[in-house]
Amino acid sequence: MGSGVLVLNATYEPLCVVSVRRAAILVLSAKAVCVADGEGFLHSVRHELPVPSVVRLTRYVRVPYRATVGLSRRAIFARDGWRCAYCTGPAETIDHVFPRSRGGRHAWENVVAACARCNHSKGDKTPAELGWRLRTKPAAPKGVAWRVLGHRAPDPRWASWLDLPAEEAAEAA
Ligand SMILES: [Zn+2]
């Protein structure tokens with residue numbers, strides 16, 4: 001049944017992802033309208049409702065946003081595309097670019113996904129000391145898709161609301 005339903009504010013701004021059940025309650029109570037159908041139908045005693053994929057709230061809600069995405073292992077892997085930051089091989093570990101043993105911080109700017117081999121041979125050295133280069137400068141992920149989805153894979157039907165290229169969303173799904 002997919003990973004959930006994308007909820008848009010009355011202004012079409014993406015807000016969050018909720019369960020199909022929660023979205024159906026919003027629609028049936030007229031708090032939201034369906035803007036894109038998913039697959040199949042929901043049945044209740046009195047209603048037959050297409051499973052929603054995207055719903056829009058009928059009244060604008062003011063939502064405070066968290067300024068940054070939470071730093072978790074899964075989120076780091078997702079940001080780095082599950083690729084080692086040094087050799088682009090499949091990532092299995094998290095590496096602190098400036099080693100923690102030397103005071104490196106556990107922060108978005110100092111963590112990268114890494115394969116076990118690179119992580120092991122890097123040890124407590126910095127990339128500069130080894131003559132290694134990072135493919136990209138690590139930073140906290142930004143943008144509406146990260147705020148709404150976190151590390152969740154987007155439903156391809158949501159691409160246009162989340163400013164995602166359709167192919168990328170289809171690939172991730
Ligand atoms: Zn590697």
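Computed from a predicted model, the values in this text were never measured in an experiment.

Q: Quick rundown of the overall build of the protein chain? Include the residues and the values.
A: Scanning the protein chain from N- to C-terminus turns up six helices and six strands. Of the regular secondary structure in the protein chain, the N- to C-terminal order runs β-β-α-β-β-α-β-β-α-α-α-α. The C-alpha atoms of the protein chain give 20 Å as radius of gyration, which overshoots the globular expectation for 173 residues (16 Å, by more than 25%). Looking at the protein chain as a whole, 39% of its 173 residues qualify as buried. When contacts within the protein chain are restricted to residue pairs at least 6 apart in sequence, long-range pairs at least 24 apart make up 56% of them. Accessible area for the protein chain stands at about 10500 Å²; split by element, carbon and sulfur atoms hold 53% of it. In the protein chain, which carries 25 positive and 15 negative side-chain charges, the distance between the mean positions of the two groups comes to 8 Å.

Q: Which residues make up the coordination of the zinc ion, and what are the values?
A: Distances from the zinc ion to its protein donors, C84 (SG), C87 (SG), C115 (SG) and C118 (SG), fall within 2.2 to 2.3 Å. Written as a sequence motif, the donor arrangement for the zinc ion is C-x2-C-x27-C-x2-C. Residue C115 is classed as buried on the basis of its relative accessible area of 6%.

What counts and how
Residues numbered from 1 in each chain as written. Predicted model: local features only at pLDDT ≥ 70, side-chain atom pairs only at ≥ 80, totals over all residues. Heavy atoms only, no water. Helix = DSSP H or I, 4+ residues; strand = E, 2+ residues; numbered from the N terminus. Rg over C-alpha atoms; globule rule 2.2 N^0.38 Å. Buried < 20%, exposed > 50% of the residue type's maximum accessible area, 1.4 Å probe, protein only. Contact = heavy atoms within 4.5 Å. Areas by Shrake-Rupley, 256 points an atom, 1.4 Å probe, with all protein chains shown as cover. Lys, Arg positive; Asp, Glu negative; His and termini not counted. Charge placed at Lys NZ, Arg CZ, Asp CG, Glu CD. Donors = N, O, S within 2.8 Å, 3.2 Å for Na, K, Ca; no water.

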